[in-house]
Amino acid sequence: MNWYKYATIIAAITSLITGSFVYYNNRKNRINLFFILLSLCVSSWCFSSFTVSTSTNPQLALYYGRLLQIPVIFMPPIWVALVFSMIGKRIKDSKFVKNMFIISLILTPLFFIATFSNLFFFFFFKKFSFAHYFLDPGPIYAVFIAYWLIYAYYGFIKMLFTYRKASIQQKNKLKYFFTATFVGSIAALIYFALIYGIKVIPVADSIIILYLSIMAYAIIQHRFMDIRLVVTRASIFAFVYTAVLAIPFIVGGIIKTHIPNTSSHWWVIPVLIGIILASAGPFIYMRLQRKLESRLRAREFKSHEALSRLSHNMLRFTNLEVLLRRMVHYLVKVLKLKFAGIYLLNSQSGIYVLSSAWYCGESIELPHEFNPGSYLTKHLSLKKLPVVTEELSLYDVTLSKSLATILSELKISAVIPSFLKSGLIGFLVLSDRRDKTPFTQEDINLLMVLSNEAALAIDNAQLHQKEVSRIVEKSKREALADMAPGASHQFNNRLASISSSVELLLFKMENFNIEAQKDENTKILLREAKKALELIDSEVYKGKEITSAILKRAKAKVEFQKFNLVSLIENTYKLVMISRSHSGLDKARELKFNIVSSNETLNIFASEALLQDVFYNLIDNAYDAIQDKAHIASQTNSLFQGEIEVTLAQQDHVIVAQVRDNGIGLTKENQRKLFTPYFTTKATSNKGSGLGLCVIRDFIEMHRGTIVCDSEYEKGATFTIKLPINKEKYHGN
């Protein structure tokens, strides 16, 4: 059996299949395009060897041999183009390479013409027993070999220089290209040696299969196994199965040659040995592989074990802050990262906020937040897979390229998403490793498991904190309910005394003509006294508001009954208008108020008194914001009409109410502080205690609802309230 003939045809077909598979894996990538061109050239080379070695007609062998050698001429420039694409550069960026390609344009036609003459090949001869005919090179063929070697050498040197400055992931890829180049060079040298009649083992075609396989793996695979492991596994496999195949033949040869009077059944012994070794071979291979890999990957296994322990123990943490800090610290320590951070979804704002970070010698500051519409969160929600920054360049998608740019600027190497009930609740951001080793597929898989465990642990910690907060808040409210009436009563009595005294003095001063006083010092003293009394009066008013809010919060009872929400809001607006009847919108046109409801009979089980307070505060605040906007408009002599709109809609078992106004709005900084006790934006107008929104948030949370604010300064604000529609009424604090 002519095994050389089968090796050449197998190599030719493998080249076609491998090139096609890589190309159709990503047709838009230049690397894949140049690889299929290189594969076609290699396939033609192998087909040339096959037709020459199997043909019995020397003229036909010469014709097909020359014809199939033509694509081989194009291999050197294609190889250089592949190298440049792989290292992320273009040929036009290098003047030297452009000159090389100009030389190629000159030499390629000359080689093409020479191929069909005796200058490149002349007659074929039967040089070797494994082939009918073989090439006999002409003088131009030596020039072609030199041309081929120069290009191959340049590509190798270019990769070597790129390796020094390459990123971690690219360095790992270059290792595979180096290995493939070395293997391919051996195959080419064996082929050239055979052409010149040097007797070597004709395994070039078999080696080509290995060469193309390594190249294809390096192009398609994103995260590589350590090249040492690949070589180790291949060496163990070759050693074990060489022994399995060779030992029975050696034993058979010894029995046959050296043991006299051997019976006709001597072959039974080597066959039995072969069966035993074939059965034991896989176990021997796996045992040797585990032992050697445990030495090579000792540190990696240790880090994986540490991460697994963290993954198993996370559910024990009930304090969210401690859990997150422990996670980032462990990740930086175990994986030897420069930094790690965790972003969690803020349920009220819908923004992913940096909840914990740990740095180790890295000066970069991670962004405080990522919006749901950012490139990163879009990509994670869409793909639901980890993101490795360097792999994003492989996708021909604008979103991926923009994301790769952002993450590279932040020096983020990998992002691991965390999902709960198909929703993205957060993600880990990881830097490069300090020891310059890349993330392996096993690392990414383990981090995904850790991330999923973290989602459950975070959810558990959040629920625990909510329950603790609920119990604490309940205790505070009960304590406040016991203390507030007495304290508020005593405090209000003092305020009433101060207020009445101040108002009496102010009334007297109104009837007293200060300007009629002759002494200038007396005038100044009286003016300052009046201002001080007015300030005391306004502060007393604020004190009354605070005690009223505290008392209201303490006495709040969630006594549910069924009522119409549209009617409640209409009545509430009328109350606001009555209380504002003396102030008016003197700087604006007539205020527009509108209620938009998907259902005019929108009924809800809730506390009517508490919800009336909620909407009273929101509409009253909207009125103040419109007055502030009207004041600004009057200074610029521009027309302004205030609008307040309340939108009501039912979504499943939830009522969504939005109170929108076109008033002055809020800055981003004020939005963050909005529901903080004693924070108010009305301080300059001597109004507001800073407890109104804090109290109404408590009232809404008593209904198991939520409230959020969306605002832009000078464009208005929208408060969105979500309230569950309770099927039955109940009573509670």
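Parameters at a glance
- Residues numbered from 1 in each chain as written.
- Predicted model: local features only at pLDDT ≥ 70, side-chain atom pairs only at ≥ 80, totals over all residues.
- Heavy atoms only, no water.
- Helix = DSSP H or I, 4+ residues; strand = E, 2+ residues; numbered from the N terminus.
- Buried < 20%, exposed > 50% of the residue type's maximum accessible area, 1.4 Å probe, protein only.
- Contact = heavy atoms within 4.5 Å.
- Areas by Shrake-Rupley, 256 points an atom, 1.4 Å probe, with all protein chains shown as cover.
- Axes fitted to C-alpha atoms, helices over the stretch in contact; angles between N-to-C directions.
- Parallel < 35°, antiparallel > 145°, perpendicular 65-115°, else oblique.
- Nonpolar A, V, L, I, M, F, W, Y, C, P; charged D, E, K, R; others polar.
- Pairing = 2+ DSSP bridges.
- Phe/Tyr/Trp six-rings, centres within 6.5 Å; stacked < 30°, edge-to-face > 60°.
- Patch = residues over 30% accessible without salt bridge, like charges linked within 9 Å, V, L, I, M, F, W, Y side chains within 5 Å.
- Salt bridge = Lys/Arg side-chain N within 4 Å of Asp/Glu carboxyl O.
- Expected span 1.5 Å × (residues − 1).
- Core = buried A, V, L, I, M, F, W, Y, C linked by side-chain atoms within 4.5 Å.
- pLDDT = per-residue confidence, 0-100.

A. Here's a closer look at the overall build of the protein. Secondary structure assignment for the protein yields 20 helices and 17 strands. Buried positions account for 44% of the 733 residues belonging to the protein. Taking as baseline every contact in the protein between residues at least 6 positions apart, the subset at least 24 positions apart corresponds to 71%. In the form shown here, the protein has an accessible surface area of approximately 39,200 Å², with 60% of it arising from carbon and sulfur atoms.

B. Structural view of the packing of helix α4 (residues 75-86) against helix α6 (residues 139-165). Packing of α4 against α6 brings their axes to within 9 Å, and their N-to-C directions diverge by 5°. One way to sum up the angle between α4 and α6 is to call them roughly parallel. Of α6, the residues touching α4 (which contributes Met75, Pro76, Pro77, Trp79, Val80, Val83, Phe84 and Met86) are Tyr147, Trp148, Tyr151, Ala152, Tyr154, Gly155, Lys158 and Met159. The residue inventory of the contact of α4 with α6, partitioned by class, reads 14 nonpolar, one polar and one charged.

C. Spotlight on the sheet that holds strand β5 (residues 369-370). Taken together, the six strands give an open sheet; going across it, the order is β5-β4-β3-β8-β7-β6, and neighbouring strands pair in antiparallel fashion. Where the open sheet ends on each side, the last strands, each with one partner, are β5 and β6 (387-388). For strand β3 (residues 339-345) and strand β8 (residues 423-430), the ladder comprises five bridges, and the chain directions are antiparallel. Looking at the pairing, glycine 341 lines up with valine 429 of β8. Packed on one face of the sheet, helix α13 (residues 375-383) meets β4 (352-359), β5, β6, β7 (414-420) and β8 and runs near 120° to β8.

D. Highlighting the packing of aromatic side chains. Across all of its chains, the model carries 18 aromatic pairs by this definition. With a centroid separation of 5.2 Å and an interplanar angle of 20°, the aromatic rings of tyrosine 343 and phenylalanine 427 are classed as stacked. Linking tyrosine 343 in strand β3 with phenylalanine 427 in strand β8, this pair joins segments that are 84 residues apart in sequence. Tyrosine 343 sits in the buried class, given a relative accessible area of 0%. Within the aromatic cluster, the residues linked to one another by ring pairs are Trp45, Tyr141, Phe144, Tyr147, Trp148, Tyr151, Tyr191 and Phe192.

E. View of unusual backbone geometry. One non-glycine residue, lysine 411, lies in the positive phi region at around 60°. By the element assignment, lysine 411 lies in the loop between α14 (398-409) and β7. The class of lysine 411 is partly exposed, set by a relative accessible area of 48%. Of note in this structure, glutamate 714 is not a glycine but carries a positive phi near 70°. Positionally, glutamate 714 belongs in the loop between β15 (706-712) and β16 (716-724).

F. Local environment of a nonpolar patch on the surface. Nonpolar side chains collect at one region of the surface, where Leu60, Tyr63, Tyr64, Leu67, Phe112, Ile113 and Phe116 lie side by side and expose about 670 Å² of accessible area between them. Those elements that place two or more of their residues in the nonpolar patch are α3 (58-73) and α5 (95-115). When residues in the nonpolar patch are grouped by element, the largest group, four residues, is from α3. One can find phenylalanine 112 in helix α5.

G. Seen up close, helix α18 (residues 608-635). An ideal rise of 1.5 Å per residue puts 40 Å on 28 residues; α18 measures up with 41 Å between its terminal C-alpha atoms. Downstream of α18 by one or two residues, asparagine 637 has phi in the positive range, about 55°.

H. Spatial organisation of the nonpolar core. Core analysis: the biggest nonpolar cluster contains 61 residues, and Trp79 and Met215 have the highest contact counts within it. Top contributing element to this core by residue count: helix α7 (residues 168-195), with 13 residues. In this structure methionine 215 touches Phe35, Leu38, Trp79, Leu82, Phe177 and Ala180, once residues within four positions along its chain are discounted. Val566, Leu611, Leu618 and Leu693 belong to the second largest nonpolar core, which has 46 residues in total.

I. Representation of the confidence of the model for the protein in the model. Averaged over the protein, the pLDDT score is 77; the fraction of residues at 70 or greater is 79%. Mean pLDDT values for the elements of the protein range from 44 in strand β17 (residues 731-732) up to 91 in strand β14 (residues 654-661). Per-residue pLDDT stays below 50 along residues 728-733; that stretch engages in 16 contacts with residues further than four places along the chain or on separate chains.

J. Inspection of the environment of phenylalanine 182 at higher detail. Examined against the element boundaries, phenylalanine 182 turns out to sit in helix α7. For the pair formed by phenylalanine 182 and phenylalanine 156, sequence separation is 26 residues and the distance between their alpha carbons is 9.2 Å.

K. Just the sheet that holds β16, in detail. Strand order in the open sheet formed by five strands is β11-β13-β14-β16-β15, with mixed pairing between adjacent strands. Each end of this open sheet is capped by a strand with a single partner; those strands are β11 (592-597) and β15. Going from strand to strand, the sheet's axes swing by 15° on average, the running direction of each strand aside. Bridging between β14 and β16 involves eight bridges; their strand directions are antiparallel. From the neighbouring strand, valine 656 faces β16, where its bridge partner is lysine 722. Along the sheet, helix α17 (residues 565-579) makes contact with β11, β13 (643-651) and β14, crossing β11 at roughly 170°.

L. Main features of α4. Over its twelve residues, α4 runs 16 Å from end to end, which matches the ideal 16 Å to within 8%, given 1.5 Å per residue. The buried fraction of α4 is high, at twelve of twelve residues. Of the residues making up α4, those classed as buried are Met75, Pro76, Pro77, Ile78, Trp79, Val80, Ala81, Leu82, Val83, Phe84, Ser85 and Met86. Immediately downstream of α4, the backbone of glycine 88 shows phi near 80°, a positive value.

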